[in-house]
Amino acid sequence: MATTDRQATTLALAHALSAAERGLAVIPLSRTKLPALRSPHRDDPGATPCHGECGRLGHGVHDASTDPVRIRELFAAAPWATGYGIACGLPPHHLIGVDLDTKSSTDSSAALRELALRHLFTIPPTVVVLTPSGGRHLWLSGPPDVVVPNSAGRLAPGIDIRGAGGYLVGPGSRTRHGTYATAPGTAHLAPAVCPPALLRLLVPPPRAHRPAPPTAGGHGQGLVQFVLAAHEGQRNTRLFWAACRAYEDGIGPALVDPLVDAALNTGLSEREARATIASAARMTGHHP
């Protein structure tokens with residue numbers, strides 16, 4: 001390994017240990033900003049999901065620790081690491097990262113100011129990390145009983161959120177595109193408490209579940225519940241599968257309205273839901 005790489009790894013470890021002293025759980029990162037340690041299950045596509053229960057290293061953010069002995073072990077296993085990631089959502093800070101990107105054509109800083117004016121909040125003084133591309137990471141602290149999900153562009157174009165299960169590139173990390181650095185005058189600050197109005201924007205509203213109607217017996221209720229449990233990205237797939245099963249079992253016509261109601265409850269439009277059910281009817285040889 002080149003001397004400069006060894007120096008970068010030594011500096012990254014030092015910065016990571018310093019962050020851990022502040023209660024921030026860390027992992028080693030490569031120059032690509034990805035976790036430096038590869039998954040021990042990468043060659044086993046049939047492996048059940050593992051978050052480190054196997055006891056080996058290489059589970060990404062699930063390896064994150066504030067224990068200096070553990071951190072040294074992680075970096076010793078990844079001598080090519082040139083940076084470190086800070087896990088979000090963990091105690092004591094329950095860190096939330098607001099990533100103001102510069103890659104889009106939208107002015108993300110202006111978008112955040114507009115949101116603040118519209119929803120009546122201000123970002124208090126907090127840690128700000130400058131990225132090599134000219135972006136900024138704002139560190140905020142969330143409440144312990146609220147899970148903030150990761151998102152990209154959902155809050156506004158150019159604004160990404162790092163929450164539970166995500167991580168932020170720590171200041172002092174070296175990447176292919178440059179070094180991350182704390183903005184002047186913010187290194188001594190603790191992550192500021194996330195304004196309640198902003199927190200409400202970051203947390204999706206709870207989904208109200210309707211009880212499954214008794215139509216078409218127990219099997220029909222099971223199919224409706226299957227649709228109700230769908231998350232974004234799988235709603236149409238679950239609805240189509242349930243409708244196919246209903247038509248194959250002879251309860252399709254009786255289950256159309258309950259399935260449409262369930263689909264509406266997951267966020268699909270009535271037009272989209274009925275079109276999906278009609279496709280299932282045709283696929284199974286029935287007339288919608």
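Here is a short report on the structure shown in this document. None of these values were measured; they are calculated from a predicted model. (Residues numbered from 1 in each chain as written. Predicted model: local features only at pLDDT ≥ 70, side-chain atom pairs only at ≥ 80, totals over all residues. Heavy atoms only, no water.)

**Quick word on the nonpolar core**
Core analysis: the biggest nonpolar cluster contains 34 residues, and V26, I71, F75, Y84, I86, L95 and W139 have the highest contact counts within it. Looking at this core, the elements with two or more residues in it are α1 (3–21), β1 (26–29), α2 (68–77), β2 (83–87) and β8 (167–169). Residue contributions to this core peak at six residues, all from α1. Judged by nonpolar contacts, the second largest core, of 23 residues, contains I96, I161, A197 and L199. (Core = buried A, V, L, I, M, F, W, Y, C linked by side-chain atoms within 4.5 Å. Buried < 20%, exposed > 50% of the residue type's maximum accessible area, 1.4 Å probe, protein only. Helix = DSSP H or I, 4+ residues; strand = E, 2+ residues; numbered from the N terminus.)

**Comments concerning the pattern of salt bridges**
Applying the stated criterion across every chain, the model contains six salt bridges. Between E248 and R245 there is a salt bridge whose closest N-O contact spans 2.9 Å. Residue E248 and its partner R245 are both found in helix α6 (residues 235–248); the two are separated by three residues, about one turn of the helix. With a relative accessible area of 48%, E248 lands in the partly exposed category. R274 is the partner of E270 in a salt bridge, and the nearest nitrogen-oxygen pair spans 3.0 Å. (Salt bridge = Lys/Arg side-chain N within 4 Å of Asp/Glu carboxyl O.)

**With respect to the environment of R274**
The residue R274 is located in helix α8 (residues 270–283) in this model. With near-sequence residues (within four places) excluded, R274 lies in contact with V256, D257 and V260. (Contact = heavy atoms within 4.5 Å.)

**Details of the packing of aromatic side chains**
Within the structure shown, the criterion is met by one aromatic pair. Centroid distance F226 to W241: 5.0 Å. Interplanar angle 50°. Geometry classified as tilted. In this pair, F226 sits in helix α5 (residues 217–228) while W241 sits in helix α6, placing the two residues 15 residues apart along the sequence. Assessed through its relative accessible area of 28%, F226 is described here as partly exposed. Relative accessible area serves as the criterion here: at 40%, W241 is assigned to the partly exposed category. Positioned over the ring face of F226 is R238, at 4.2 Å from the centre of the ring. (Phe/Tyr/Trp six-rings, centres within 6.5 Å; stacked < 30°, edge-to-face > 60°. Lys NZ or Arg CZ within 6 Å of the ring centre and 35° of its normal.)

**Quick notes on α2**
Taken residue by residue, α2 has I71, L74 and F75 as its buried positions. What you see down the axis of α2 is that its buried residues fit within an arc of 95°, all on one side. Across α2 from its buried face, at more than 90 degrees, point the exposed residues V69 and A76. Here α2 starts with a cap whose side-chain oxygen sits 3.1 Å from the backbone nitrogen of V69, and that cap is D67. (Arc of directions from axis to C-beta. Polar contact = N/O pair within 3.5 Å; in protein donor to acceptor, adjacent residues only side chain to side chain.)

**Side note on the pairing of β1**
Neither face of β1 is exposed, since V26 and P28 on one face and I27 and L29 on the opposite face are all buried. In terms of strand pairing, β1 meets β2 through four bridges, oriented antiparallel. Bridged to L29 within β2 is G83. (Pairing = 2+ DSSP bridges.)

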